[in-house]
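Summary of structural features
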Amino acid sequence: MKKNTFCYLLTYLFLQLSIGQNNLAVNTDAGKVKISRNIYGHFAEHLGHCIYGGFYVGDTSSIPNTNGVRNDIIDALKKLKIPNLRWPGGCFADTYHWKDGIGPKDKRPAMVNKWWGGVTEDNSFGTHDFLNMCELLGAEPYLSGNVGSGTVQELADWVQYTNFKGKSPMSDLRTQNGRTAPWKVKLWGIGNEAWGCGGNMKPEYYADEYRKYATFISDWENTGGLMRIASGASDADYNWTETLMKNIPLGMLGGVAMHHYSVLDWNKKGSATDFSEDQYFHIMKQALLMDELVTKHAAIMDKYDPKQKIALVVDEWGGWYDVEKGTNPGFLYQQNTIRDAMIAGVTLNIFNNHADRVRVANLAQCVNVLQAVILTNKEKMILTPTYYVMEMYNVHQDATLLPLTLTVNDYILNGEKLPAVSASASKDSLGIIHISLVNIDPLQSQKISIVLKGETKKNLSGRILTSKKLQDYNSFTEPEKIKPAAFNTASIDKNVLTVTLPPMAVVVLTIK
Ligand code: AHR
């Protein structure tokens, strides 16, 4: 045999072995933990065209709107079952003085948006606009308080303004501004990225600041319990989480945050649409790192809070690339490809599988910024591949997590490996099982045998999101290039399902 033929045969045999069958066992009667709907949360910062020119066009716009908020965006997010929306930042939050954003719009003072492009912020979108918008969306508001450049009194007043039912200086002001009933805001962030744009604090100092702020933020009897969330670590800064858990009494904490972005290199992020397979691989590596980060931050929290009362709140996550050519570098506007659908699919599977600790999460960001679910261009609006993943996965919201074991093939590039398949499963209140599966391999299909332990079901259906090329995206000229389709090729025999996932695909199965 010629040397070349021998090498070819060896490679072929190796490939056959490495692309064998994947196995998944789902324990259908062993679920104990609820997947909080709030891990499907979103984030809207005063950044670029997220609020202005995104959500908010003003009530004199020719674009159909309700009190200035685009109706098409409201409808799209309602279909997504958006559970919560974080606002007004991000870095912007620690520069924001909420009293500048209430009262008659023409009397509101302007400010400069220090972090995002140095543009003038006219404060025309403020507390009432945001909280009323959340009511339209049916979403829980998550307000980020200003610790970096604000005061304890200012934040305590904001809580009283939004939540106090009786007569008080702040509730009187609220009524004067047109709103009598309190909004009952439960989720409160005490600063953002306090280690960086939120004040460059050391964790010990921030822990003390947190204790002070938390002391003066009252529940005002009508929310059923405020959730006070500490500004958390960046990525693998485990010392930050450890210091907070050690120094803040558990009774003062509702959640500890953590941020992780999938980025190639902060100085050379690369294009959102024009990227190599090597760049794709490294972004997927970053996305999958979320599992390790969540596991390790949760293990630290377990030491101080073994009963898991405190939530790990991943209130910023997503892919971060170079801005689109010709757009303001401070506006973080990027396109969204099937690569982003892969990030969303694997990340949400990780959150589902860590539902015991991860109980709030927020994709960064909702409209026109970073890994957006919606992009707008004047009167036009498009839904991104990430939107569709969030929509397909919303079946997991508030369902019971089903424990699973997964043995999978590797996706190999240049000698490096990543697990090709990711999965999570849940059972909803009607007993319907949903399994979400992702194949990140851009070239190989993955055959999976799924055993449903403890249950025999008959009816199987599914939906798939995929495309021909990793770099494919929805544009204003081709808005529906990527959208979910029925997935009819899976089969079920008693309690065994056989599924073949095409390359770069997200599939959600429904089993009744
Ligand atoms: O989401 C964009 C920015 O990323 C946020 O303002 C900040 O919190 C993070 O660094």
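Residues numbered from 1 in each chain as written. Predicted model: local features only at pLDDT ≥ 70, side-chain atom pairs only at ≥ 80, totals over all residues. Heavy atoms only, no water.

Moving on: the overall build of the protein. In terms of regular secondary structure, the protein is built from 10 helices and 27 strands. Over its C-alpha trace the protein gives a radius of gyration of 23 Å, about what one expects of a compact globule, namely 24 Å for 512 residues. If one aligns the C-alpha atoms of the protein with their principal axes, the spans along those axes are about 85 × 50 × 45 Å. By the burial criterion, 58% of the 512 residues in the protein qualify as buried. Summarising the internal contacts of the protein: among those between residues at least 6 apart in sequence, 76% fall at separations of at least 24. If the 52 positive side-chain charges of the protein are averaged to one point and the 51 negative ones to another, these points end up 5 Å apart. (Helix = DSSP H or I, 4+ residues; strand = E, 2+ residues; numbered from the N terminus. Rg over C-alpha atoms; globule rule 2.2 N^0.38 Å. Buried < 20%, exposed > 50% of the residue type's maximum accessible area, 1.4 Å probe, protein only. Contact = heavy atoms within 4.5 Å. Lys, Arg positive; Asp, Glu negative; His and termini not counted. Charge placed at Lys NZ, Arg CZ, Asp CG, Glu CD.)

All residues adjacent to the ligand are Phe43, Glu45, Gly90, Cys91, Trp116, Asn192, Glu193, Tyr261, Glu316, Trp320, Gln365 and Leu370. A distance of 2.7 Å is found between an oxygen atom of the ligand and a side-chain nitrogen or oxygen belonging to Glu193. Separating an oxygen atom of the ligand from a side-chain N or O atom of Tyr261 is a distance of 2.8 Å. Relative to its unbound accessible surface of 280 Å², the ligand loses 93% to contact with the protein. (Near = heavy atom within 4 Å. Polar contact = N/O pair within 3.5 Å; in protein donor to acceptor, adjacent residues only side chain to side chain. Areas by Shrake-Rupley, 256 points an atom, 1.4 Å probe, with all protein chains shown as cover.)

What follows covers the state of the cysteines. Here is the idea: a disulfide is a covalent bond, and it sits between the sulfur atoms of two cysteines. Within the structure shown, the criterion is met by one disulfide. Between the sulfur atoms of Cys91 and its disulfide partner Cys197 the distance amounts to 2.2 Å. Between Cys91 and Cys197 the disulfide shows an S-S torsion of about -85°. By sign, it is left-handed. Highlighted residues: Cys91 in the loop between strand 5 (84-87) and strand 6 (111-112) and Cys197 in the loop between strand 9 (187-190) and helix 6 (203-216), separated in sequence by 106 residues. Of the two residues examined, Cys91 and Cys197, each falls in the buried class. Distance from the sulfur of Cys134, which forms no disulfide, to the nearest cysteine sulfur (Cys366) is 10 Å. (Disulfide = S-S within 2.5 Å.)

Spatial ordering of the open sheet is given by 16-20-21-27-23-24, a layout of six strands whose pairing is antiparallel. Strands at the two margins of the open sheet, each flanked by one partner only, are strand 16 (400-401) and strand 24 (485-486). The strands that helix 9 (residues 338-353) touches are strand 16, strand 20 (421-427), strand 21 (433-439), strand 23 (460-465) and strand 27 (505-511); relative to strand 20, the one it contacts most, it runs at about 50°. Against the sheet, helix 10 (residues 385-393) makes contact with strand 21, strand 23 and strand 27, and its axis sits at roughly 160° relative to strand 23, the strand it touches most. (Pairing = 2+ DSSP bridges. Axes fitted to C-alpha atoms, helices over the stretch in contact; angles between N-to-C directions.)

As a further point, take the domain arrangement of the protein. Partitioning the protein into domains gives domain 1 (3-30 + 402-511) and domain 2 (37-399). Taken over C-alpha atoms, the centre of domain 1 sits 31 Å from the centre of domain 2. When domain 1 packs against domain 2, the two sides together hide about 3400 Å² of surface, and 68% of this comes from carbon and sulfur. When the buried area of domain 1 at its contact with domain 2 is split by residue, Leu418, Leu470 and Phe476 rank highest and sum to 20% of it. Across the pair Glu391 and Arg463 runs a salt bridge whose closest N-O atoms are separated by 3.1 Å. The tally of links between domain 1 and domain 2 comes to 18 residue pairs in polar contact (both at pLDDT 80 or more). The set of elements that each furnish at least two residues to the side of domain 1 that touches domain 2 consists of strand 18 (410-413), strand 19 (416-419), strand 20, strand 21, strand 23 and strand 27. Looking at the side of domain 1 that touches domain 2 element by element, the count peaks at six residues for strand 20. (Domains from an automatic or database assignment. Buried area = accessible area lost by both parts, 1.4 Å probe. Salt bridge = Lys/Arg side-chain N within 4 Å of Asp/Glu carboxyl O.)

As a further point, take helix 5 (residues 169-176). Looking only at helix 5, the buried set comprises Met170, Ser171 and Arg174. Down the axis of helix 5, the buried set is contained in an arc of 95°. They therefore lie on one face. Among the exposed residues of helix 5, those oriented more than 90 degrees off its buried face are Pro169 and Gln176. Residues of helix 5 that are buried in the fold lie against helix 3 (127-137) and helix 4 (152-163). Within two residues after helix 5, Gly178 carries a phi angle of roughly 100°, on the positive side. (Arc of directions from axis to C-beta.)

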